[in-house]
Amino acid sequence: MEFDLTAHLKFSNDLPLEADSELQKAVDDANDALFIKGVPRDSIKEAARIIEWHAHANELCVRIVSGRYTRAHDALLRFKKAVGTTMGTKYRIGVRGYEIDEFTIKIEVETPVRIELPFVKQASYEDKLLTLQLSVGEQEIEKKIPDRIVNLIEEKIEHQLYGTKVENWDLIWESPQKESHFRRDPTQELQERQWIKHGVSRGQWIFGPQVTKVFNTFEEIIEKEILARLGYSEMIFPKMVPWEVWKRSGHARGIYPEIYYVSPPKTRDPEYWEDVIDYYKVTNEIPLELIRQKIDDPIGGMCYAQCPSFWPFMQGETISLESLPIKVFDRSGTSHRYESGGIHGIERVDEFHRIEIVWIGSPEQVNKEAHKLEKRYARIFNDILDLEWRMARVTPWFMAQEGLIEAAGDRSAGTIDYEAYLPYRGERTDSQWLEFQNVSVNGDKYPRGFNVKTQKGDLWSGCSGIGLERWAAAFFAQKGLDIELWPQKFAKRIKKLPEGIKFL
């Protein structure tokens, strides 16, 4: 990797001719000491160097080249500070700012990468070398935009190497195979019995009394077998999520195709909206184009995953050791995710119901709580629901990218996925199983993002989302819809399904 930057620094006054010797010394000191500070000995050749410079009037032009270490733009900032001190001490002349004349970055890439990025005015690929010409100024340098561009390109290259694979999957346990008397798509059966109906919105269902009873029974089991037994306290997390939360949680890196956006009205003044109201009264149609003109930019979106909304409660705080581990859950409302054509049945929807479990503590405490959850889930799935299921350890790609795969105790940050066999999809070895549960150890991702600390040591967190639609899809697919054929321990908790609504 090579960085090649030409910039001119602007001083508060003209540089005197006799300043050339001090400028040359500043350049030599930068090349020999300042730019190699913190660089490994075996990588000194990768450090920045000023290879050209000249002064004219109140400007000093420098060309800096580097490899990966003390990148050219970082070297510019170091040199600006050093030469400013030198000129200020000797001649009382300060550095007022700088402008970037040219900035080129070259990256070795095995295959071409499609580049359309902000601040990249031109990109070319030849002989396994990607060349970027940046259009950046002082503000972008200060914000480390060049580093972010390089990181993003490396991320895209990694994606390209992995193809569509976004996580590593390792089977760690599976239940015995179970005989199933039911092989239909449960969603079709539920619709035929009129236990569910499509909602008006995309990917939305209206659940009748029977399925609602099943959902409520799931919740009762979860409350008794997990939440109460493991000591979790209920909270209410917001369901409208502002951008600031997603920036801190990391979701802002790629959430945009999957969220439902929230835009407020520009004003609540009835007169401002009178033409919209009048149009509807006259036409019985919603004037969408007119409404677009009267709403502000999106301030965020509907809840995509419940966990991030919790963290502003902890933001900027230092947690007392006696409060750890913190164990909370939320079940106060729906989550919304635009599934982009992938909606199917009740298991893959845009609007869904979840109980979100969150725990915080030392790495050892977080791993311990994760193991406790795994045992409680195993009891429910084996002893109460009698499901055929398996567990797999997955390493989400975003965790690998953010350096979250660090050992702690006997476990690493990562996710355990629970998958259920769906008989209607075909044979076990050939069909896609349904991911219906997970337990995630997120390392220090959220404490770091929201600046949460503890009195001593590292702070980690975990989360586990219990999707009622997913549980129902797995259960109905294996056990059918007839209560007399359901596992006795679950049927006993249901007791009796309510009568549905009869339609003529």
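Cut-offs used in this document
- Throughout this document, residue positions are counted from 1 along each chain, in the order its sequence is written.
- Where totals are concerned, whole chains, interfaces and linings use all residues; where local detail is concerned, this predicted model gives features only for residues with pLDDT of at least 70, and gives and counts side-chain atom pairs only at 80 or more.
- With hydrogens and water stripped out, all remaining heavy atoms of the structure feed into the side-chain values.
- In this text, helices come from DSSP runs of H or I with a minimum length of four residues, and strands from runs of E with a minimum of two, each type numbered from the N-terminal end.
- Each residue gets one of three labels from its accessible area relative to the maximum for its type: buried under 20%, exposed over 50%, partly exposed in between, using a 1.4 Å probe on protein chains only.
- Contact definition: two residues touch when any of their heavy atoms are within 4.5 Å.
- The positive count covers Lys and Arg only, the negative count covers Asp and Glu only, and His and the chain ends enter neither.
- The atom standing in for a charge is NZ when the residue is Lys, CZ when it is Arg, CG when it is Asp and CD when it is Glu.
- Patch definition: residues above 30% relative accessible area lacking any salt bridge, with like charges linked at up to 9 Å and the nonpolar side chains Val, Leu, Ile, Met, Phe, Trp and Tyr linked at up to 5 Å.
- Surface accessibility in these figures is a Shrake-Rupley result with a 1.4 Å probe; residues are shielded only by whichever protein chains are displayed.
- Think of a salt bridge as a Lys or Arg side-chain nitrogen and an Asp or Glu carboxyl oxygen that are within 4 Å of each other.
- Stacked, tilted and edge-to-face are the three classes applied to pairs of Phe, Tyr and Trp rings, where Trp contributes its six-membered ring and a pair requires centres within 6.5 Å; stacked means planes under 30 degrees apart, edge-to-face means over 60, and tilted covers the rest.
- The criterion for a charge sitting over a ring is simple: Lys NZ or Arg CZ within 6 Å of the ring centre, and within 35 degrees of the ring normal.
- The span you would expect from a helix comes to 1.5 Å times its residue count less one.
- DSSP-based pairing: two strands are paired if at least 2 bridges between them are found.
- It is the directions from the helix axis to the C-beta atoms whose arc is reported.
- For every element, the axis is a line fit to its C-alpha atoms; helices are fit only across the contacting stretch, and the angle between N-to-C directions ranges from 0 to 180 degrees.
- Every angle not falling under 35 degrees, over 145, or within 65 to 115 is termed oblique; those three ranges are roughly parallel, roughly antiparallel and roughly perpendicular.
- Here is the rule for handedness: rotate from the far helix to the near one, and if that takes an anticlockwise turn smaller than a right angle the crossing is left-handed, while a clockwise turn gives right-handed.
- Charged residues are taken to be Asp, Glu, Lys and Arg, nonpolar residues to be Ala, Val, Leu, Ile, Met, Phe, Trp, Tyr, Cys and Pro, and polar residues to be all remaining types, Gly included.
- The predictor attaches a confidence to each residue, and that confidence, scored 0 to 100, is pLDDT.

Trainee: Would you take a moment to explain the overall build of the protein chain for this structure?
Mentor: On a plain count of helices and strands, the protein chain comes out with 15 helices and 24 strands. Expressed along its principal axes, the backbone C-alpha trace of the protein chain runs to roughly 100 × 65 × 50 Å. Looking at the protein chain residue by residue over its 504 residues, the buried ones come to 47%. Contacts spanning at least 24 positions in sequence make up 72% of the contacts within the protein chain whose residues lie at least 6 apart. The positive charge centre, built from 69 side chains, and the negative charge centre, built from 80, are 5 Å apart in the protein chain.

Trainee: Got a minute to help me understand a negative patch on the surface in this structure?
Mentor: A cluster of acidic residues, Asp 269, Glu 271, Glu 274 and Asp 278, forms a negative patch at the surface. Here Glu 274 shows up in helix α8 (residues 274-283). In this structure Glu 274 comes out as partly exposed when scored by relative accessible area, which is 42%.

Trainee: Help me out: how do you make sense of the packing of aromatic side chains in this one?
Mentor: Given two aromatic rings, their pairing is described by the distance between the two centres and the angle made by the two planes. The tally for this structure, following the rule as stated, stands at 27 aromatic pairs. Look at Tyr 272 and Trp 273: their rings are 6.0 Å apart centre to centre, the planes differ by 80 degrees, and that puts the pair in the edge-to-face class. Since its relative accessible area comes to 28%, Tyr 272 is described here as partly exposed. Taken together, the ring pairs connect Trp 173, Phe 218, Tyr 377, Phe 381, Trp 389, Tyr 418, Phe 436, Trp 471, Phe 475, Phe 476, Trp 486 and Phe 490 into an aromatic cluster. Positioned over the ring face of Phe 503 is Lys 197, at 4.2 Å from the centre of the ring. Geometry around Trp 433 places Arg 390 over its ring, the cationic atom sitting 3.9 Å from the centre.

Trainee: Is there a simple way to explain helix α14 (residues 468-479) in this structure?
Mentor: Taking 1.5 Å as the rise per residue, α14 with 12 residues should run 16 Å; its terminal C-alpha atoms sit 16 Å apart, in good agreement. Within α14, 11 of the 12 residues are buried, leaving the element largely enclosed by the surrounding structure. Along α14, the positions that sit buried rather than exposed are Leu 468, Glu 469, Trp 471, Ala 472, Ala 473, Ala 474, Phe 475, Phe 476, Ala 477, Gln 478 and Lys 479. Among the residues trailing α14, Gly 480 stands out with phi positive, at a value near 75 degrees.

Trainee: Please clarify how the sheet that holds strand β11 (residues 240-242) should be interpreted in this entry.
Mentor: Sheet strands line up and pair through hydrogen bonds in the backbone, either parallel or antiparallel. With antiparallel pairing, 3 strands are arranged side by side in an open sheet as β11-β13-β12. Edge positions in the sheet fall to β11 and β12 (261-262), since each of these pairs with one other strand and no more. With 2 bridges connecting them, β12 and strand β13 (residues 300-302) associate as antiparallel partners. Paired with Tyr 261 across the bridge in β13 is Gly 301.

Trainee: Please clarify how the pairing of strand β4 (residues 95-108) should be interpreted in this entry.
Mentor: Sheet faces and side chains relate simply in a regular strand, where the side chains alternate between the two faces. In this structure, strand β1 (residues 2-11) lies alongside β4, joined through 10 bridges in antiparallel fashion. By the bridge assignment, Leu 9 is partnered in β4 with Tyr 98. Of the strand pairs in this sheet, β4 and strand β6 (residues 129-134) are connected by 5 bridges, and their pairing is antiparallel. Along β6, the bridge assignment pairs Lys 106 with Thr 131.

Trainee: Please explain helix α2 (residues 72-91) as it appears in this structure.
Mentor: Since the α-helix advances by 3.6 residues per turn, residues separated by three or four positions end up pointing in the same direction. The first and last C-alpha atoms of α2 sit 27 Å apart over 20 residues, in line with the 28 Å expected at 1.5 Å per residue. By the burial criterion, the buried members of α2 are Ala 72, His 73, Ala 75, Leu 76, Phe 79, Val 83, Gly 84 and Met 87. The buried residues of α2 all sit within an arc of 165 degrees when viewed along its axis, so they share a single face. In α2, the exposed positions angled more than 90 degrees off the buried face are occupied by Lys 81 and Thr 89. Immediately beyond the C-terminal end of α2, within one or two residues, lies Arg 92, with a positive phi of roughly 55 degrees.

Trainee: Even after reading the chapter, I still don't get the packing of helix α6 (residues 209-230) against α14, so can you show me in this structure?
Mentor: In a packed pair of helices, the relevant descriptors are the angle between the two axes and the axis-to-axis distance. Relative orientation of the contacting elements α6 and α14 amounts to 105 degrees, with a least axis distance of 10 Å. Taken together, the axes of α6 and α14 lie roughly perpendicular to each other. Residues Val 214, Phe 215, Phe 218, Glu 219 and Ile 222 of α6 form the contact with α14, whose own contacting residues are Leu 468, Glu 469, Trp 471, Ala 472, Phe 475 and Phe 476.

Trainee: I keep staring at the pattern of salt bridges and nothing clicks. Help me out?
Mentor: Between side chains of opposite charge, pairing is possible as soon as their charged atoms come close. Using the criterion set out here, one finds 38 salt bridges in the structure. As a salt-bridge pair, Arg 68 and Glu 154 come within 3.0 Å of each other at their nearest N and O atoms. Residue Arg 68 is found in the loop between β3 (59-66) and α2, and its partner Glu 154 is found in helix α4 (residues 145-162); the two are separated by 86 residues along the sequence. On the basis of relative accessible area, Glu 154 is assigned to the partly exposed category, the value being 26%.

Trainee: Would you explain the packing of α6 against helix α11 (residues 363-384) in this entry?
Mentor: Viewed as axis vectors pointing N to C, α6 and α11 meet at an angle of 155 degrees, and their least axial separation amounts to 11 Å. The orientation of α6 with respect to α11, classified from their angle, is roughly antiparallel. α11 is crossed by α6, and the crossing has right-handed handedness. Where α6 abuts α11, its residues Ile 221, Glu 225, Ile 226, Arg 229 and Leu 230 lie against Lys 372, Leu 373, Arg 376, Tyr 377, Arg 379, Ile 380 and Ile 384. Classifying every residue of the contact of α6 with α11 gives 7 nonpolar, no polar and 5 charged.

Trainee: Please clarify how the sheet that holds β1 should be interpreted in this entry.
Mentor: Within the open sheet, the 6 strands sit side by side as β2-β3-β1-β4-β6-β5. Their pairing is antiparallel. Taken across any chain shown, the strands that pair with only one partner, and hence form the sheet edges, are β2 (49-56) and β5 (120-126). Sheet twist, expressed as the average angle between the axes of neighbouring strands with direction ignored, equals 15 degrees. For β5 and β6, the ladder comprises 6 bridges, and the chain directions are antiparallel.

Trainee: Sorry, what's going on with the confidence of the model for the protein chain here?
Mentor: Fine structural detail should not be taken from predicted coordinates in areas where pLDDT scores are low. Here the protein chain averages 92 in pLDDT, while 94% of its residues score no lower than 70. The low-confidence segment residues 400-410 (pLDDT under 50) makes 27 contacts with residues lying over four places distant or belonging to another chain.

Trainee: Honestly, the pairing of strand β24 (residues 460-467) in this entry has me stumped. Any pointers?
Mentor: Most of β24 is tucked away: 8 of the 8 residues are buried. Alternating positions in β24 separate into two faces, Trp 460, Gly 462, Ser 464 and Ile 466 on one and Ser 461, Cys 463, Gly 465 and Gly 467 on the other, with burial throughout. In terms of strand pairing, strand β17 (residues 351-361) meets β24 through 8 bridges, oriented antiparallel. Among the inter-strand pairings, Ile 360 is bridged to a residue of β24, identified as Ser 461. Where strand β22 (residues 434-441) and β24 come together, 2 bridges link them in antiparallel fashion. By the bridge assignment, Ser 440 is partnered in β24 with Cys 463.

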